[in-house]
Amino acid sequence: MPAAALKPKPLPTQSTAKRPVPLDLPYAPVAKRPLPPGRPREWYVTHNRRLKAMRLAIALLDSGVYMPVQARNETIRSTAEAIGVHPPSDTTCHMVRALMRYAR
């Protein structure tokens, strides 16, 4: 009997599942480090917005939203509520769609 036939079939992942795999909550947050001092305030605002957009884009991809056209502002905001993030602004929603667009 071939060795491949003896191996158990792996559980479906997000990419191989027929339907979206539900989001596993809660995740343990990453330990926060202090940001570097001495930067202009706009740098900190942009930095935090990018981090938030990245977290939201990952959560959307995990929940089965793969295309930027599927990620309307309402969808992004409901995902933010589901993962415990403050509702994003229109600018952050735009950034989330941009991240999903260029991740391909």
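Here's what I pulled together on the structure shown here.

The rules behind these values
- Residues numbered from 1 in each chain as written.
- Predicted model: local features only at pLDDT ≥ 70, side-chain atom pairs only at ≥ 80, totals over all residues.
- Heavy atoms only, no water.
- Phe/Tyr/Trp six-rings, centres within 6.5 Å; stacked < 30°, edge-to-face > 60°.
- Helix = DSSP H or I, 4+ residues; strand = E, 2+ residues; numbered from the N terminus.
- Expected span 1.5 Å × (residues − 1).
- Buried < 20%, exposed > 50% of the residue type's maximum accessible area, 1.4 Å probe, protein only.
- Contact = heavy atoms within 4.5 Å.
- Salt bridge = Lys/Arg side-chain N within 4 Å of Asp/Glu carboxyl O.
- Core = buried A, V, L, I, M, F, W, Y, C linked by side-chain atoms within 4.5 Å.

This next bit is on the packing of aromatic side chains. Overall, the coordinates contain 1 aromatic pair when judged by the stated rule. Look at Trp43 and Tyr44: their rings are 5.1 Å apart centre to centre, the planes differ by 90 degrees, and that puts the pair in the edge-to-face class.

Right, let's get into helix H4 (residues 90–102). For H4, which comprises 13 residues, the first-to-last C-alpha distance of 19 Å matches the rise-based estimate of 18 Å (1.5 Å per residue) to within 8%. For H4, every residue scored as buried is listed here: Thr92, Cys93, Val96, Arg97, Ala98 and Met100. Next to the buried residues of H4 lie helix H2 (41–62) and helix H3 (73–83).

What follows deals with the pattern of salt bridges. Tallied over the full model, the rule gives 2 salt bridges. Between Glu74 and Arg72 there is a salt bridge; the shortest N-O distance is 3.2 Å. Here Arg77 makes a salt bridge to Asp90, at a shortest N to O gap of 2.7 Å. Separated by 13 residues along the polypeptide, Arg77 in helix H3 and Asp90 in helix H4 bring together distant segments of the chain.

Glancing now at the nonpolar core. Side chains of nonpolar character tend, in soluble globular proteins, to be buried together. Counting 12 residues, the largest nonpolar core consists of Ala53, Leu56, Ala57, Leu60, Val65, Ala71, Ile76, Ala80, Val85, Cys93, Val96 and Met100. Going through the elements one at a time, H2, H3 and H4 are the ones with two or more residues in this core. Per element, the largest residue contribution to this core is 4 residues, and it comes from H2. Contact partners of Met100, with chain neighbours within four places excluded, come to Ala57, Leu60, Leu61, Val65, Tyr66, Met67, Pro68 and Ala71.

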